[in-house]
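Here are the chains, one letter per residue:
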Amino acid sequence: PAEQTPLIAAHAVALLHEAGVPVAALQLLPGDGPTVGGRLSADPRIAGVCFTGSTDTAKRIDRAMAEHLAPGAPLIAETGGLNAMIVDSTALPEQAVQAIMESAFQSAGQRCSALRCLYVQEDIAESFTEMLTGAMDELRLGDPWELATDVGPVIDAEAQAGIDAHVAAARAGGRVLKALGVPRAGTFVAPTVIRVKGIGDLTREIFGPVLHVATFRADRIDRVIDDINATGYGLTFGLHTRIDDRVQHIVDRIRAGNMYVNRNQIGAIVGSQPFGGEGLSGTGPKAGGPHYVARFMRAAVAGASSPGHGAGGAAAGGARIEPRAVAAALGRLKVPGGVGEAVSLPGPTGESNRLSHHPRGRVLCLGPTPQAAQAQAAQAAAAGNAALIVCPGASAAAGPVAVLDGALDPAALAMLDGFDAVASDAEGADLAAIRRALAAREGAILPVLGAGDPLGRYMVERHVCVDTTAAGGNASLLAEAATA
């Protein structure tokens, strides 16, 4: 557990043991990250790691695993986000304000899914901001055990100081629109609204009750979407509108793991709203989703390559391919796109929950044999991706697949851009070299896939939750009532 919260973790583990989970299967090791977490994630006896926390810490774990663990050990990481919400001029303002208050200030903003940047359409910005800041006056700060409390303290004095420094810098720039008072005792941070030009002004996640607000023109909504995607984070996203076509347009373009329409964007429920992000916000698969448990399993792959036939091509021979040639080939690839089959998930009446799969983008297929590379490319293409085969002896392939006959030095993967996943059936030291190079990269944690991986591993999961009662009533229920 986080070093600040060992007692609640100990209580949870005790309850799980009491419920029948074997002690040998669930053990609690409290302590700080470098002492305990660092040692665990670098111990070769560990078969895999599941982590929830900051993006920076996940990257450190990934590098430790690549250096010390078996190269096939899975990392399942759910990390941070610069989560945005768009409110257009058709939204029901009272409902949107309520959702914003919950999303930004509940749990003192200490949720990875919490709202960080709000975009309000210019046409309603003045009246909407007045309503929002007025609603803030109703918030009550205090002891979280008290039912009347809306906002409790942040986790510790270090977190409090960091958030307060961010707010102080905004106040010095005249950008604080609203800030409440705080109790004298305790590590409280005042719920605060800060004016920004856009999400690009946020250089890091502020993990507390601080909401950044920007405005947009109706004809610039696609620019807003581009700016949100450009952050590289993709955890949660909120939208308030009563235009169905706009919902579809935005949902199709936003790259976020969980999208919420006409409701708040926190509090995902297992089985109804599988939770997890993409890009800088996590690796997938989604917690509480149909593919989560399988990620903890190791599948036997028929026809796997033998040791010594690695991505570097030392055993297979072949000319070395320069990284710039690979970069150029990747740049020419066009991702076909498309969406896999969407699945409706159970949920409360008046709410729609749908889970769908989307292509990762460009997959670099490294073989190490031509047959393995062809199988990887076929799997990637079947999932809607574009594929580039870089493998000695590779020949032309059909579909959205490009081919370079030769070997790529795995070390080049640390600096090469333009791809979203690597596929390789290499083993041993050859696979370890690929893992180390990918872990050394800046940005998102990229997976190593294989021809034997299920199709879903070549895709990312996204979930859309819609409050179907928000636009004036649940049409399905009204129709049923009319025919009853």
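Residues numbered from 1 in each chain as written. Predicted model: local features only at pLDDT ≥ 70, side-chain atom pairs only at ≥ 80, totals over all residues. Heavy atoms only, no water.

1. Things to note about the overall build of the chain
Put simply, the rule reads: Working definition: helices are DSSP H or I runs of at least four residues, strands are E runs of at least two. Numbering for both runs from the N terminus. In this scheme, a residue with accessible area under 20% of its type's maximum is buried, one over 50% is exposed, and one in between is partly exposed, where area comes from a 1.4 Å probe on protein chains only. For every accessible area listed, the method is Shrake-Rupley and the probe measures 1.4 Å; residues are considered covered only by the protein chains on display. Only four residue types enter the tally: Lys and Arg on the positive side, Asp and Glu on the negative side; His and the chain ends are excluded. Each charge is placed at NZ for Lys, CZ for Arg, CG for Asp and CD for Glu.
Check the secondary structure of the chain and you find 12 helices and 19 strands. Each principal axis of the C-alpha distribution contributes one length, and for the chain these read about 70 × 55 × 50 Å. Counting the 484 residues in the chain, one finds 46% classified as buried. Per element, the accessible surface of the chain, about 22,600 Å² overall, is 55% carbon and sulfur. A distance of 5 Å separates the average location of the 38 positive side-chain charges in the chain from that of its 48 negative side-chain charges.

2. A short note on the packing of aromatic side chains
Which entries qualify depends on this criterion: What counts as a ring pair is set by centres within 6.5 Å for rings of Phe, Tyr and Trp (its six-membered ring), and what kind of pair is set by the plane angle: stacked under 30 degrees, edge-to-face over 60, tilted for all other angles.
Counting across every chain of the model gives one aromatic pair. Consider the rings of Y292 and F296, whose centres lie 5.2 Å apart with planes at 80°: the pair is edge-to-face.

3. Overview of the sheet that holds strand β16 (residues 401–405)
Our working rule: Following DSSP output, two strands are said to pair if at least two bridges run between them. The contact definition used throughout considers only heavy atoms, calling two residues in contact when any of these lie within 4.5 Å. Axis geometry follows a simple rule: fit a line to the C-alpha atoms, using only the stretch in contact for helices, then measure angles between N-to-C directions, giving values from 0 to 180 degrees.
Taken together, the five strands give an open sheet; going across it, the order is β16-β15-β14-β17-β18, and neighbouring strands pair in parallel fashion. A single partner strand is all that each edge strand has here, and the edge strands are β16 and β18 (448–449). Of the pairings in the sheet, the one linking strand β17 (residues 421–423) to β18 comprises two bridges and is parallel in character. Opposite A423, over in β18, you have L449 as the bridge partner. Running at roughly 160° to strand β15 (residues 386–391), helix α9 (residues 323–332) makes contact with β14 (362–365), β15 and β16 of the sheet.

4. Quick look at the pairing of strand β3 (residues 84–87)
Note the following rule: The crossover handedness rule: strands pointing away from the viewer, path from first strand over the helix to second strand clockwise, crossover right-handed.
Burial of β3 is two-sided: the residues A84 and I86 facing one way and the residues M85 and V87 facing the other way are all buried. In this sheet, strand β4 (residues 117–121) lies alongside β3 in parallel orientation, the contact comprising four bridges. Bridge pairing in β4 places A84 opposite C117. One crossover worth recording links β3 to the parallel β4 by way of helix α4 (residues 93–105), and it is right-handed. In this structure, β3 lies alongside strand β9 (residues 236–240), joined through four bridges in parallel fashion. Across the sheet, M85 pairs through a bridge with G238, a residue of β9.

5. Observations regarding the packing of helix α7 (residues 221–230) against helix α8 (residues 244–253)
Selection rule: Roughly parallel refers to an angle under 35 degrees, roughly antiparallel to one over 145, roughly perpendicular to one between 65 and 115, and oblique to any angle outside these ranges. By convention, the crossing between two helices is left-handed when the near helix turns anticlockwise from the far helix through less than a right angle, and right-handed when the turn is clockwise. Think of it as three bins: nonpolar holds Ala, Val, Leu, Ile, Met, Phe, Trp, Tyr, Cys and Pro, charged holds Asp, Glu, Lys and Arg, and polar takes everything else, Gly as well.
Taken N-terminus to C-terminus, the directions of α7 and α8 make an angle of 30°; their axes are 10 Å apart at the nearest point. In terms of axis orientation, α7 runs roughly parallel to α8. Crossing of α7 over α8 shows right-handed handedness. In this structure, α7 uses I221, D222, I225, D226 and N229 to contact α8, whose residues at the interface are R246, H249, I250 and R253. Grouping the amino acids of the contact of α7 with α8 by side-chain chemistry returns three nonpolar, two polar and four charged.

6. Let's talk about the sheet that holds strand β6 (residues 192–195)
With respect to topology, 10 strands assemble into an open sheet ordered β5-β6-β7-β4-β3-β9-β10-β19-β13-β12, the strand pairing being mixed. Edge positions in the sheet fall to β5 (176–179) and β12 (343–344), since each has one partner strand and no second. Here β9 runs beside strand β10 (residues 258–261); their pairing, made up of four bridges, is parallel. Within β10, the position partnered with G238 by the bridge is Y260.

7. Notes on the environment of A287
By the secondary structure assignment, A287 is in the loop between β11 (278–279) and α9. Classification of A287 by relative accessible area gives partly exposed; the value is 34%. In this structure, the C-alpha to C-alpha distance between A287 and A268, residues 19 residues apart in sequence, is 9.8 Å. Apart from the residues within four sequence positions on either side, A287 is in contact with P274, F275 and Y292.

8. Looking at the state of the cysteines
Defined simply, a disulfide is a covalent bond joining two cysteines at their sulfur atoms. Note the following rule: The disulfide definition used here is simple: a pair of cysteine sulfur atoms within 2.5 Å.
Inspection of the entire model under this criterion finds zero disulfides. Left without a disulfide partner, C117 is nearest to the cysteine sulfur of C112, which lies 18 Å away. Taking the relative accessible area as the measure of exposure, C117 reaches 0% and is therefore buried. Free of any disulfide, C391 has its nearest cysteine sulfur in C365, 9.8 Å distant.

9. Description of the pairing of strand β7 (residues 210–216)
For β7, a buried count of six out of seven residues is recorded, marking the element as mostly surrounded by other parts of the structure. Relative to β7, β4 is paired through five bridges, and the arrangement is parallel. Across the sheet, residue L118 finds its bridge partner in β7, namely V213. In terms of strand pairing, β6 meets β7 through four bridges, oriented parallel. Note on β7: the bridge partner recorded for I194 is H212.

10. Here's the deal with empty space enclosed by the protein
Condition: With a 1 Å grid laid over protein atoms only, a set of points is called a cavity when a 1.4 Å probe fits there but cannot get out and a pocket when it is open yet has protein on both sides within 12 Å along at least five of seven lines; lining residues have an atom within 4 Å of a point. Grid points are joined across faces, edges and corners, and a volume is the space filled by probe spheres set on the points.
Using the criterion set out here, one finds two cavities of 30 Å³ or more in the structure. Taken as a whole, the largest cavity holds about 70 Å³ of empty space. Contributing to the lining of the largest cavity are 13 residues, with L82, I228, Y233, G234 and T236 lying nearest its centre. Elements with a minimum of two residues in the lining of the largest cavity: β8 (233–234) and β9. Residues that form the lining of the largest cavity fall into these classes: eight nonpolar, four polar and one charged.

11. Here's the deal with the side chain of T192
Cut-off, in case you're wondering: Within 3.5 Å is the distance limit for a polar contact, defined as a pair of N or O atoms, with the added protein rule that one can donate a hydrogen and the other accept it, and that residues adjacent in sequence qualify only through two side-chain atoms.
Tracing the backbone through its elements, the reader meets T192 in strand β6. On the basis of relative accessibility, which here comes to 1%, the residue T192 falls in the buried class. At 2.7 Å, the side chain of T192 and the backbone oxygen of A190 are in polar contact. Apart from the residues within four sequence positions on either side, T192 is in contact with F105, M136, V167, V176, K178, A179, P209, V210 and L211.

12. Some details on a nonpolar patch on the surface
Worth spelling out the cut-off: In this analysis, a patch consists of residues with relative accessible area above 30% that form no salt bridge, clustered at 9 Å for like charges and at 5 Å for the nonpolar side chains Val, Leu, Ile, Met, Phe, Trp and Tyr. Definition used for salt bridges: Asp or Glu carboxyl oxygen within 4 Å of a side-chain nitrogen of Lys or Arg.
A cluster of nonpolar residues, V293, F296 and M297, forms a patch on the protein surface that exposes about 360 Å² of accessible area. Its location among the elements puts F296 in the loop between β11 and α9.

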